[in-house]
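Per-entry structural report
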Amino acid sequence: MTVLSLREYPDPILHQKAEKVEEINDALRQFLDDMLETMYVDKGVGLAAPQVGVLKRMIVIDAEQEEDEDGHHKKGKPMFLINPEIVYKSEETIFFCEGCLSVPKQSADVERFQKIKVRYQDKTGTEHEIEAEDYLAVVLQHEIDHLDGILYIDHLSRLKRGLLLKRLQKMRAEKEKEKQKNPQ
Ligand code: NI
């Protein structure tokens, strides 16, 4: 399996709309496995194809993975969703603190639908519908947003987004300084 390289804000690909997947074949299934591997390596709960530079409507999620006391990673329930589409949204909403591998080490509260229904195709092309609420619903909405070129920070007020991006910039500058001090 290959660990893919992650695109980070402000990479313009993160703000582009992904295209529908028309053909599900072995190469695509391999790519989905690589996405899952990448997500686990980078300690994410979900990953969307545009985050690894591919503008296709595909996401992987594992909202039930765990880490034991020794820091060993345990797979939970990996899910592969091709052409996911939200077909129902509850009126009720919830706030949840979100982060994103493409906006490293930052987080903020985002308002989401508390319950959704998602229609998607699995790795064999079979269509399914799942109902999700709370945490899983939040993760699904976050990842499906990626397919429409939307990051969680786009849901924040200008002020909150500005502060978050300033923190991101500062963190990157410090990392850069550290690198120059300790060149490898
Ligand atoms: Ni994300």
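None of these values were measured; they are calculated from a predicted model.

1. With respect to the coordination of the nickel ion
- Protein-derived coordination of the nickel ion comes from Cys100 (SG), His142 (NE2) and His146 (NE2), at a distance range of 2.1 to 2.3 Å.
- Donor residues binding the nickel ion come from one chain and are separated in sequence as C-x41-H-x3-H. With His142 and His146 both in helix α2 (residues 134–147) and 4 residues apart, this pair spans about one turn of that helix.

2. Notes on the packing of aromatic side chains
- One pass over the structure, following the stated rule, counts 1 aromatic pair.
- Judged by centre distance (5.4 Å) and plane angle (35°), the ring pair of Phe96 and Tyr135 falls under tilted. With Phe96 in strand β6 (residues 93–100) and Tyr135 in helix α2, this residue pair connects regions lying 39 residues apart in the sequence.
- The class for Phe96 is partly exposed, based on a relative accessible area of 29%.
- Overall, the relative accessible area of 33% leaves Tyr135 in the partly exposed class.

3. Some points on the sheet that holds strand β2 (residues 58–61)
- Judged by pairing direction, the sheet is antiparallel, and its 5 strands sit side by side in the order β1-β2-β5-β8-β9 without closing on themselves. Edge positions in the sheet fall to β1 (46–48) and β9 (127–133), since each of these pairs with one other strand and no more. Averaged over all pairs of adjacent strands, the angle between their axes in this sheet comes to 40°, without regard to strand direction.
- Pairing of strand β5 (residues 79–89) with strand β8 (residues 115–121) involves 5 bridges; the strand directions are antiparallel. What sits directly across from Ile82, in β8, is Gln121.
- Running over the sheet, helix α1 (residues 26–41) touches β1, β2 and β5 and is turned about 45° from β2.
- Packed on one face of the sheet, α2 meets β1, β2, β5, β8 and β9 and runs near 150° to β2.

Calculation notes
Residues numbered from 1 in each chain as written. Predicted model: local features only at pLDDT ≥ 70, side-chain atom pairs only at ≥ 80, totals over all residues. Heavy atoms only, no water. Donors = N, O, S within 2.8 Å, 3.2 Å for Na, K, Ca; no water. Helix = DSSP H or I, 4+ residues; strand = E, 2+ residues; numbered from the N terminus. Phe/Tyr/Trp six-rings, centres within 6.5 Å; stacked < 30°, edge-to-face > 60°. Buried < 20%, exposed > 50% of the residue type's maximum accessible area, 1.4 Å probe, protein only. Pairing = 2+ DSSP bridges. Axes fitted to C-alpha atoms, helices over the stretch in contact; angles between N-to-C directions. Contact = heavy atoms within 4.5 Å.

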